[in-house]
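Here's the letter readout for the chains.
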Amino acid sequence: MTTEYRVALDREACDGIFACLVRDDRFVEAADGLATIGAGERDPDETVVATFDDDRIENARQAAAACPVDAISVREGDDE
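Residues numbered from 1 in each chain as written. Predicted model: local features only at pLDDT ≥ 70, side-chain atom pairs only at ≥ 80, totals over all residues. Heavy atoms only, no water.

Asker: Lay out the overall build of the protein chain in plain terms, naming residues and giving numbers.
Answerer: The secondary structure content of the protein chain amounts to 1 helix and 6 strands. Ordering the α and β elements of the protein chain from the N terminus gives β-β-β-β-β-α-β. Against the compact-globule benchmark of 12 Å for 80 residues, the protein chain has a radius of gyration of 11 Å, which places it among compact chains. For the C-alpha atoms alone, the extent of the protein chain along its principal axes is close to 35 × 25 × 20 Å. Within the protein chain, buried positions represent 39% of all 80 residues. (Helix = DSSP H or I, 4+ residues; strand = E, 2+ residues; numbered from the N terminus. Rg over C-alpha atoms; globule rule 2.2 N^0.38 Å. Buried < 20%, exposed > 50% of the residue type's maximum accessible area, 1.4 Å probe, protein only.)

Have a look at this one:
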């Protein structure tokens, strides 16, 4: 079953610990040494946002839970 969900990564809060990378391979290390979401779009305030419609929401939730600085949020649906 697929679920539509939104993943946001606050790159200003990111410390480059990369706990998210081992839980969800859509998170990658950017050239600046911080995490980013491969399919995401960057907002002017350094937040990367990606919307998915698949069965991998639990991976995204695990990545968010593993982030020690709470830089990742996951929301079901297309709510902002």
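Asker: Would you mind going over a negative patch on the surface in detail, with residue names and values included?
Answerer: Side chains of Glu12, Glu41, Asp43 and Asp45 sit close together on the surface and give a patch of like negative charge. One can find glutamate 12 in the loop between strand E1 (3-10) and strand E2 (27-29). (Patch = residues over 30% accessible without salt bridge, like charges linked within 9 Å, V, L, I, M, F, W, Y side chains within 5 Å. Areas by Shrake-Rupley, 256 points an atom, 1.4 Å probe, with all protein chains shown as cover. Salt bridge = Lys/Arg side-chain N within 4 Å of Asp/Glu carboxyl O. Lys, Arg positive; Asp, Glu negative; His and termini not counted. Charge placed at Lys NZ, Arg CZ, Asp CG, Glu CD.)

Asker: Provide a residue-level description of the sheet that holds strand E4 (residues 41-42), including the pertinent values.
Answerer: The strand order across the open sheet built from 4 strands is E4-E5-E1-E6, with neighbouring strands paired in antiparallel fashion. The open sheet has two edge strands with one neighbour each: E4 and strand E6 (72-76). The pairing of E4 with strand E5 (residues 47-54) spans 2 bridges and is antiparallel. Its bridge partner lying in E5, arginine 42 is registered against valine 48. (Pairing = 2+ DSSP bridges.)

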